[in-house]
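Fold and contact review
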Amino acid sequence: GAGVSQSPSNKVTEKGKDVELRCDPISGHTALYWYRQSLGQGLEFLIYFQGNSAPDKSGLPSDRFSAERTGGSVSTLTIQRTQQEDSAVYLCASSLIGGAENTEAFFGQGTRLTVV
Amino acid sequence: AQSVTQLDSQVPVFEEAPVELRCNYSSSVSVYLFWYVQYPNQGLQLLLKYLSGSTLVKGINGFEAEFNKSQTSFHLRKPSVHISDTAEYFCAVSDQDSGNTGKLIFGQGTTLQVKP
């Protein structure tokens, strides 16, 4: 596609439910990133996928958070047993090559998650 | 570990006036430096980046930034702002050793409010 596509754009869920957020990166981009943007914490790195390498999960805040990237393309971020503090905008980004200079990360418009 | 401090949370300025958004960083390793802009209800867009070479970097929309290694700063400037520049601006760094320009540590953001 022309840009990074995220769905849904908005999600309201009840506390304790599981949610899945989807990211469709720019075609051909081998690196994919998830970030969280919240009022209290600003923009935080969550997880990074690069090709077939093991993902860098160093930013995931708890074991309730997980992500997959199937076929080196689409990624799904799953939050289990959602809590109110999970309310935030979840941003996905992709880049051509994750480990090289002169590459730029392109961001999607985000999924706004509200846990009630 | 790296950290980024944006010294002003909000900067109000009149149209056609100059503006400077301040950014300082802390890091035990060499870093790449970035400025991103976020318009309301949109994702992040790269304004400019410093990877190496000239410390004065020019970006899109007439913005520029200067890398000052001794002061660990990367302030963003524009000589004459427009109403359309009203947005949130984020300074970010990535670890130069990893070469990964997409795994970013962000500052808390500065809201630029351009008044007519």
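None of the values given here were measured: they were computed from a predicted structure. (Residues numbered from 1 in each chain as written. Chains lettered and ligands numbered in written order. Predicted model: local features only at pLDDT ≥ 70, side-chain atom pairs only at ≥ 80, totals over all residues. Heavy atoms only, no water.)

1. Focus: the side chain of serine 95 of chain A
Residues and elements named next belong to chain A. Assignment of secondary structure puts serine 95 in strand E8 (residues 88–95). For serine 95, a relative accessible area of 1% translates into the label buried. Within polar-contact distance, the side chain of serine 95 engages the side chain of tyrosine 33 at 3.4 Å. (Helix = DSSP H or I, 4+ residues; strand = E, 2+ residues; numbered from the N terminus. Buried < 20%, exposed > 50% of the residue type's maximum accessible area, 1.4 Å probe, protein only. Polar contact = N/O pair within 3.5 Å; in protein donor to acceptor, adjacent residues only side chain to side chain.)

2. With respect to the layout of surface pockets
Quantified by volume, the largest pocket comes out at close to 640 Å³. If you go around the largest pocket, you meet 23 residues; those closest to its centre are Gln37, Val89 and Arg112 of chain A together with Gln38 and Asn41 of chain B. Considered class by class, the residues forming the lining of the largest pocket number 8 nonpolar, 13 polar and 2 charged. Quantified by volume, the second largest pocket comes out at close to 290 Å³. Along the walls of the second largest pocket sit 17 residues, with Phe45 of chain A together with Gln2, Lys103, Leu104 and Ile105 of chain B positioned nearest its centre. Those elements giving two or more residues to the lining of the second largest pocket turn out to be strand E5 (42–50) of chain A together with strand E1 (2–6), strand E10 (87–95) and strand E11 (105–106) of chain B. (1 Å grid on protein atoms, 1.4 Å probe; cavity = no way out; pocket = protein on both sides within 12 Å on 5 of 7 lines; lining within 4 Å. Points joined across faces, edges and corners; volume = space filled by probe spheres on them. Nonpolar A, V, L, I, M, F, W, Y, C, P; charged D, E, K, R; others polar.)

3. Some remarks on the interface of chain A and chain B
When the parts of a complex come together, some accessible area is lost, and that lost area is often taken as the interface size. On the chain B side, the residues contacting the 24 residues of chain A number 20 residues. Counting each side, the surface lost to burial between chain A and chain B is near 1,800 Å², with a carbon and sulfur contribution of 47%. Between the two partners, chain A and chain B, sit 1 salt bridge. Note that aspartate 56 of chain A and lysine 103 of chain B form a salt bridge whose closest N and O atoms lie 2.6 Å from each other. Linking chain A with chain B are 5 residue pairs in polar contact (both at pLDDT 80 or more). Elements with a minimum of two residues in the side of chain A that touches chain B: strand E4 (31–38) and E5 of chain A. With 4 residues, the top contributor of residues to the side of chain A that touches chain B is E5 of chain A. Classifying every residue of the side of chain A that touches chain B gives 9 nonpolar, 11 polar and 4 charged. (Contact = heavy atoms within 4.5 Å. Buried area = accessible area lost by both parts, 1.4 Å probe. Salt bridge = Lys/Arg side-chain N within 4 Å of Asp/Glu carboxyl O.)

4. Observations regarding the sheet that holds strand E7 (residues 75–79) of chain A
Residues and elements named next belong to chain A. Spatial ordering of the open sheet is given by E1-E3-E7-E6, a layout of 4 strands whose pairing is antiparallel. Where the open sheet ends on each side, the last strands, each with one partner, are strand E1 (5–7) and strand E6 (65–69). In this sheet, neighbouring strand axes are inclined to one another by 15 degrees on average, regardless of whether the strands run parallel or antiparallel. Both strand E3 (residues 19–24) and E7 contribute to a ladder of 5 bridges, which runs antiparallel. Bridging from a neighbouring strand, leucine 21 pairs with leucine 77 of E7. (Pairing = 2+ DSSP bridges. Axes fitted to C-alpha atoms, helices over the stretch in contact; angles between N-to-C directions.)

5. Let's talk about the pairing of E8 of chain A
Residues and elements named next belong to chain A. Counting buried positions along E8 yields 8 of 8 residues, so the element is predominantly enclosed. Of the two faces of E8, the one holding Ala88, Tyr90, Cys92 and Ser94 and the one holding Val89, Leu91, Ala93 and Ser95 are both buried throughout. Bridge count for E4 against E8 is 7 bridges, and the pairing is antiparallel. Among the inter-strand pairings, alanine 31 is bridged to a residue of E8, identified as serine 95. Pairing of E8 with strand E10 (residues 111–115), which is carried by 3 bridges, proceeds in the antiparallel orientation. Among the inter-strand pairings, alanine 88 is bridged to a residue of E10, identified as leucine 113.

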